[in-house]
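# Geometric and topological summary
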Amino acid sequence: DIFDLFFHDRMTEEKKIKVVCNFLPPDPEELVPILQSRYPSLDILFPPNDTFLLSKDDLKPLLADAHAFVGVFVLYKFDDELISAAPHVKIVANHGAGYDNVDVEAATKKGIWVSNTPDVVNHATAEITFLLILSAARRGYEAEQLLRSGKWNKKCLNDFMIGSSLHGKILGVIGLGGIGKEVAKRAITFGMKIIYYNRSPAKDDHTIPAQYRQFDELLAESDFITVHCPLTKETKHLLDKPQFDKMKDGVYIINTSRGGTINTHALVDAIKRGKVRGAGLDVFEKEPLGEEWKELRDMDNVTLLPHLGTCVKEAR
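Parameters and conventions
- Residues numbered from 1 in each chain as written.
- Predicted model: local features only at pLDDT ≥ 70, side-chain atom pairs only at ≥ 80, totals over all residues.
- Heavy atoms only, no water.
- Phe/Tyr/Trp six-rings, centres within 6.5 Å; stacked < 30°, edge-to-face > 60°.
- Helix = DSSP H or I, 4+ residues; strand = E, 2+ residues; numbered from the N terminus.
- Pairing = 2+ DSSP bridges.
- Axes fitted to C-alpha atoms, helices over the stretch in contact; angles between N-to-C directions.
- Contact = heavy atoms within 4.5 Å.
- 1 Å grid on protein atoms, 1.4 Å probe; cavity = no way out; pocket = protein on both sides within 12 Å on 5 of 7 lines; lining within 4 Å.
- Points joined across faces, edges and corners; volume = space filled by probe spheres on them.
- Nonpolar A, V, L, I, M, F, W, Y, C, P; charged D, E, K, R; others polar.
- Disulfide = S-S within 2.5 Å.
- Salt bridge = Lys/Arg side-chain N within 4 Å of Asp/Glu carboxyl O.
- Buried < 20%, exposed > 50% of the residue type's maximum accessible area, 1.4 Å probe, protein only.

## Here's the deal with the packing of aromatic side chains
Overall, the coordinates contain six aromatic pairs when judged by the stated rule. Taking 4.9 Å as the distance between ring centres and 25° as the angle between the ring planes, the aromatic pair formed by Phe-130 and Phe-190 counts as stacked. Of the two residues, Phe-130 is situated in helix α6 (residues 122–138) and Phe-190 in the loop between α8 (178–189) and β7 (193–197); the sequence distance between them amounts to 60 residues. Relative to Tyr-212, the ring of Tyr-196 has its centre 5.5 Å away and its plane inclined at 70°; by these criteria the two rings are edge-to-face. With Tyr-196 in strand β7 and Tyr-212 in strand β8 (residues 210–212), this pair connects stretches of sequence that are 16 residues apart.

So this is what it looks like as structure tokens:
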């Protein structure tokens, strides 16, 4: 048990364990009594009810006497600045599948453990991935914009909003881990064929009829490509112009992993020249999405979501 491991000397009500969260989970008034019934010494601090996410400046003073930190890293990373503001913190837990948003090296030097929560977000992230796949294939964002603008009329006939069926298409999964497998399972129910790329072939899983491909083979064969790998030095801009050039014309690109795995400039260029027919993105190289990406925001054949992958009550 993580509390026994790190705070065995504070497992009484007299010695409180202060845990700071920078985000407001659903129904915190229900969550806190459950936690405190198991850990009487737990003193957990959430943002005010009108604040979903604490700013970095608001967070720093709260870390001064904290023993543990649980975070959602959307606006900032847990970097050396925050580590220096947390002299008593023994563990930093990222509420998500990745850990690239924590300066692990700096934390290790301070004796701080870093953890993440990969499995609990698998279903939620797979669901949002499929929302993006369907929206890209069936032009969901374009159709909604047309409807809301009042342009849907009787002139919209045979060639109206023609999209792509998923049935019989090849889905290329980059990273067949927990999330990638859940996406593959859902794709199979739509009649898609699954190929995947990992650094090494995954262990046989008879519930997922997926075939391993070398990276360039996956790029060349896939009708849809969905990215589910962590952001590391090796995966930074894993999809760049040379990779887009190797893909089929009219491929669809989906990303719910980390924005930095795709070179956004190269993606925009590939969309403009028709190499990429549509895209669905829940993550971006810089979040929130700023004015520097206005061209991407203005593209009708791109569905954009504000990093909603884990935003369900069951995961949070």
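## Notes on the sheet that holds strand β12 (residues 302–304)
Taken together, the seven strands give an open sheet; going across it, the order is β8-β7-β6-β9-β10-β11-β12, and neighbouring strands pair in parallel fashion. Of all the strands in the sheet, just β8 and β12 have a single pairing partner and so form its edges. Neighbouring strand axes in the sheet, compared pairwise and without regard to direction, differ in orientation by 20° on average. Helix-sheet contacts for helix α11 (residues 264–272) involve β10 (251–255), β11 (276–281) and β12, and the interaxial angle to β11 is about 140°.

## Regarding empty space enclosed by the protein
In this structure the tally under the stated criterion is one cavity of 30 Å³ or more. Considered as a void within the structure, the largest cavity measures approximately 70 Å³ in volume. Lining the largest cavity are Asn-255, Gly-259, Ile-262, Thr-264, Leu-267, Leu-281, Val-283, Phe-284, Glu-285, Leu-289 and Trp-293. Residues that form the lining of the largest cavity fall into these classes: seven nonpolar, three polar and one charged.

## Considerations on the state of the cysteines
Scanning all chains against the criterion turns up zero disulfides. Take Cys-311: it sits in no disulfide, and the sulfur closest to it among the cysteines is that of Cys-21, at 15 Å.

## Considerations on the pattern of salt bridges
Any two side chains of opposite charge can pair if their charged atoms end up close together. Applying the stated rule across the entire model yields 22 salt bridges. Salt-bridge contacts for Lys-246 lead to Asp-216; the nearest nitrogen and oxygen are separated by 3.1 Å. Remark: Asp-216 occurs in helix α9 (residues 215–221) and Lys-246 occurs in the loop between α10 (241–245) and β10; sequence separation between them is 30 residues. Of the charged contacts, one joins Asp-223 and Lys-248 as a salt bridge, the two residues approaching to 2.9 Å between their closest N and O atoms. Taken together, the positions of Asp-223 in the loop between α9 and β9 (224–227) and Lys-248 in the loop between α10 and β10 put the pair 25 residues apart, joining distant regions of the chain. Judged by relative accessible area, Asp-223 falls into the buried class, the value being 17%.

## With respect to the sheet that holds strand β5 (residues 113–115)
If you walk across this open sheet you meet the five strands as β2-β1-β3-β4-β5, and the pairing is parallel. The open sheet has two edge strands with one neighbour each: β2 (42–45) and β5. In this sheet, neighbouring strand axes are inclined to one another by 15° on average, regardless of whether the strands run parallel or antiparallel. With four bridges connecting them, strand β3 (residues 68–71) and strand β4 (residues 91–94) associate as parallel partners. Residue pairing for β4: Val-70 is matched across the bridge by Ala-93.

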